[in-house]
Amino acid sequence: SSTPLFAHLEATAGIVTAINPGANDALLDIGCGVGVTAVFLAGQFGCHVTGLDITPGMLEHAARRAAEHSVAGRTTFEAGDMRALPFADVAFDAVLAESVLSFAADKTAVLAEVWRVLRPGGRFAFTEAIWTKPPPPDMAAALAQAAGLPAGLLRHEEWLALLHAGAWDAVQ
């Protein structure tokens, strides 16, 4: 027997718990890729999920996936850049991002966009690879260059500092 598509979403479980999607919620999946999480959320919770990705080929694949899983009516896939989200203010009940924020050189600008599109009381959750302890500088630089991460990987404390600075303070 084959393994169901969504059986391997353990990494997404924490995000799902944090955003606690409801059937009437509008969710934004930043960097949706081929739509695995967006399709899972729409199918599992009945919410509407907008997937955003900068790569048109990913979006085409995501739309096919949504159709194959009978959630095309509860998903929308749009091309765009997380540094300038192409959505109205306060458009979403929750925003999620999985392993994509590290690709932004200006994470503060991306987070400001997240806060802008979130409705009052909205939820935001993300996952990122982090350094658990400071790496040797040459290793950090080599990894950042190889992975295309302009600012490299951050430590947990650095993410917390970003979240508690700037736009975050304005929405609390």
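(A) Highlighting the packing of helix H4 (residues 107–117) against helix H6 (residues 156–163). One can describe the packing of H4 onto H6 by two numbers: an axis separation of 10 Å at closest approach and a directional angle of 50°. As judged from the angle between their axes, H4 and H6 are oblique. Relative to H6, H4 is oriented so that their crossing is right-handed. Only Trp159, Leu162 and Leu163 of H6 make contact with H4, whose side of the interface consists of Lys107, Thr108, Leu111 and Trp115. Its residues placed into classes, the contact of H4 with H6 shows 5 nonpolar, 1 polar and 1 charged.

(B) Structural context of the sheet that holds strand S5 (residues 118–127). Ordered in space as S3-S2-S1-S4-S5, the 5 strands form an open sheet in which the pairing is parallel. At either margin of the open sheet sits one strand with a lone partner, and together these are strand S3 (75–79) and S5. Each neighbouring strand pair of the sheet contributes to a mean axis angle of 20°, computed without reference to strand direction. Both strand S2 (residues 48–53) and S3 contribute to a ladder of 5 bridges, which runs parallel. Opposite Val49, over in S3, you have Thr75 as the bridge partner. Sheet strands in contact with helix H2 (residues 36–45) are strand S1 (26–30), S2, S3 and strand S4 (92–98), and its direction is about 155° off that of S3. In the packing of helix H3 (residues 56–68) onto the sheet, contacts are made with S2 and S3, and the angle to S3 comes to roughly 175°.

(C) Geometry of the nonpolar core. Within the largest apolar cluster, 24 residues are counted, with the highest numbers of intra-cluster contacts made by Leu28, Ile30, Val95 and Phe124. Mapped by element, the contributors of at least two residues to this core are S1, S4, H4, S5 and H6. For this core, the element with the most residues is H4, which contributes 5 residues. The residues touching Val95, leaving out its near neighbours within four places in the chain, are Ile19, Leu28, Ile30, Val114, Val117, Leu118, Arg123, Phe124 and Ala125.

(D) Inspection of the pattern of salt bridges at higher detail. Applying the stated criterion to the full structure yields 5 salt bridges. Here Arg83 makes a salt bridge to Asp81, at a shortest N to O gap of 2.5 Å. Between Arg116 and Glu113 there is a salt bridge; the shortest N-O distance is 2.9 Å. With Arg116 and Glu113 both in helix H4 and 3 residues apart, the pair spans about one turn of that helix. With relative accessibility at 24%, the residue Arg116 sits in the partly exposed group. A relative accessible area of 13% places Glu113 in the buried class.

(E) A look at the packing of aromatic side chains. Under the defined criterion, the tally for this structure stands at 5 aromatic pairs. Seen from their ring centres, Phe87 and Phe92 are 5.2 Å apart, and the 90° between their planes marks the pair as edge-to-face. By relative accessible area, which is 13% here, Phe87 ends up buried. Between Phe124 and Phe126, the ring centres sit 5.3 Å apart and the planes meet at 25°, which makes this aromatic pair stacked. Overall, Phe124 belongs to the buried group, its relative accessible area being 17%.

(F) Quick peek at the pairing of S5. Alignment of S4 against S5, held across 6 bridges, turns out to be parallel. Looking at S5, one finds that Val95 is bridged to Phe124. Since S4 and S5 lie parallel, the crossover through H4 that links them has a hand, and here it is right-handed.

Conventions adopted
- Residues numbered from 1 in each chain as written.
- Predicted model: local features only at pLDDT ≥ 70, side-chain atom pairs only at ≥ 80, totals over all residues.
- Heavy atoms only, no water.
- Axes fitted to C-alpha atoms, helices over the stretch in contact; angles between N-to-C directions.
- Helix = DSSP H or I, 4+ residues; strand = E, 2+ residues; numbered from the N terminus.
- Parallel < 35°, antiparallel > 145°, perpendicular 65-115°, else oblique.
- Left-handed = near helix turned anticlockwise from the far one by under 90°.
- Contact = heavy atoms within 4.5 Å.
- Nonpolar A, V, L, I, M, F, W, Y, C, P; charged D, E, K, R; others polar.
- Pairing = 2+ DSSP bridges.
- Core = buried A, V, L, I, M, F, W, Y, C linked by side-chain atoms within 4.5 Å.
- Buried < 20%, exposed > 50% of the residue type's maximum accessible area, 1.4 Å probe, protein only.
- Salt bridge = Lys/Arg side-chain N within 4 Å of Asp/Glu carboxyl O.
- Phe/Tyr/Trp six-rings, centres within 6.5 Å; stacked < 30°, edge-to-face > 60°.
- Right-handed = clockwise from strand over helix to strand, strands pointing away.

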